[in-house]
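Overview (structure and organization)
Take a look at the letters that make up each chain.
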Amino acid sequence: MADGSKPLPGALRWNIGDLTVTALNDGWFQGSLDLVTGISKDEAGALQRAGFRPEAPVVTLNAFLVTGAGRKPVLIDSGYGHLGPATLGRVPAALALTGVRPEEIETVLLTHLHPDHAGGLIREDGSAAYPNAELVVHAAEAAHWLPDEALSRAPDAAKPYFENARKAVAPYGARLRRHEGGELVPGITAVPLPGHTPGHCGMRIVSGDKSLLMWTDVVHMPAIQFKQPEAGVAFDVDGDQARATRKRVLDEVATEKTFIAGSHLEFPALGYVARDGAGYSFVPALWVAGETQ
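Note that the structure is predicted; figures quoted are calculated from it, not measured.

Brief notes about the confidence of the model for the protein
Summing up the model confidence of the protein, the mean pLDDT is 94 and the portion of residues at 70 or higher is 95%. Overall, residues 1-7 carries pLDDT values under 50, and its contacts beyond four positions in sequence, including any with other chains, amount to 18 contacts.

Spelled out as structure tokens, the structure:
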């Protein structure tokens with residue numbers, strides 16, 4: 001692997017005790033204020049402008065690699081793969097910069113089965129992108145997306161999400177492990193964060209006295225949802241539950257000064273949450289030779 005003494009384009013690393021967490025940027029996709037729920041489009045647009053972002057949100061996508069402490073590499077989510085627009089699908093290139101080969105990945109921890117998190121599990125020919133990996137996903141997530149009856153009863157507009165989830169896990173066969181929380185691999189514990197999807201989980205990474213909470217999709221649009229946690233996104237399966245989860249998590253991490261990372265925070269996507277009036281602000285972590293500051 002590269003020595004961590006300088007940033008790698010598309011991949012930045014932090015030391016968490018004896019572990020190294022590398023943020024892998026998958027790219028971005030063009031969002032829209034039409035995706036925002038819970039607040040008016042006018043308020044959402046004003047928050048975007050106040051945050052010096054384009055009024056039409058650009059949504060970042062990240063995955064994360066965990067290495068060190070004598071372990072085989074663990075990947076948290078896989079990016080969009082070939083299923084998304086041309087601005088996405090960059091996790092393999094970012095992973096290559098770290099020196100880790102896909103066949104070395106022993107475990108892929110899936111936060112949920114939306115295509116921007118699971119689509120990169122497969123190559124264009126449908127084969128496994130990580131041929132030696134075990135997939136680990138919450139049992140409620142698997143039950144929501146994977147059974148035949150789930151696909152048959154899904155609304156027509158939602159069927160592609162179910163079909164893509166099934167395609168993504170299909171080549172792994174029996175190497176799909178369902179969990180209901182708890183420690184998934186040594187040092188990484190699932191943190192249920194339901195609402196966005198039924199089995200949506202963050203991952204808490206702990207080594208020694210250091211820790212990181214990868215909260216996956218608690219926030220999709222940073223300029224909007226930190227300032228106004230009432231704001232959700234149209235692809236929340238249960239918008240009310242997702243909103244309650246977001247409010248709870250933001251309060252907890254701000255109170256406890258938790259080091260966090262997010263799938264849709266602007267790259268490199270690690271930092272802290274501070275209270276800011278009635279809402280919150282994201283404070284990016286400083287990156288200095290791969291060390292958390």
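Resuming the write-up.
Some remarks on helix 6 (residues 159-169)
By the burial criterion, the buried members of helix 6 are Lys 159, Phe 162, Asn 164, Ala 165, Ala 168 and Val 169. Along its buried surface, helix 6 packs onto helix 3 (115-118), strand 7 (134-138), helix 4 (139-145) and helix 5 (148-153).

Re unusual backbone geometry
As a rule of thumb, non-glycine residues mostly have phi less than zero, and peptide bonds are mostly trans rather than cis. In this structure, the amide linkage connecting Phe 267 to the following residue, Pro 268, adopts the cis form with an omega of 10°. Its identity is not glycine, yet Lys 257 carries a phi of approximately 55°, on the positive side. Mapping Lys 257 onto the fold places it in the loop between helix 8 (239-256) and strand 14 (260-261). The class of Lys 257 is exposed, set by a relative accessible area of 64%. Despite not being glycine, Ala 269 shows a phi value in the positive range, around 75°. Along the polypeptide, Ala 269 turns up in the loop between strand 14 and strand 15 (270-276).

Topic: the sheet that holds strand 14
Read from one edge of the open sheet, 7 strands run 9-10-11-12-14-15-16, paired in mixed fashion. The strands lining the two open edges of the sheet, one partner per strand, are strand 9 (182-185) and strand 16 (279-284). Note that strand 11 (residues 201-207) and strand 12 (residues 210-214) share 5 bridges and pair antiparallel. Across the sheet, Ser 207 pairs through a bridge with Lys 210, a residue of strand 12. Helix 8 rests against strand 10 (188-192), strand 12, strand 14, strand 15 and strand 16 of the sheet, and its axis sits at about 100° to strand 15.

What counts as what
- Residues numbered from 1 in each chain as written.
- Predicted model: local features only at pLDDT ≥ 70, side-chain atom pairs only at ≥ 80, totals over all residues.
- Heavy atoms only, no water.
- pLDDT = per-residue confidence, 0-100.
- Contact = heavy atoms within 4.5 Å.
- Buried < 20%, exposed > 50% of the residue type's maximum accessible area, 1.4 Å probe, protein only.
- Helix = DSSP H or I, 4+ residues; strand = E, 2+ residues; numbered from the N terminus.
- Pairing = 2+ DSSP bridges.
- Axes fitted to C-alpha atoms, helices over the stretch in contact; angles between N-to-C directions.

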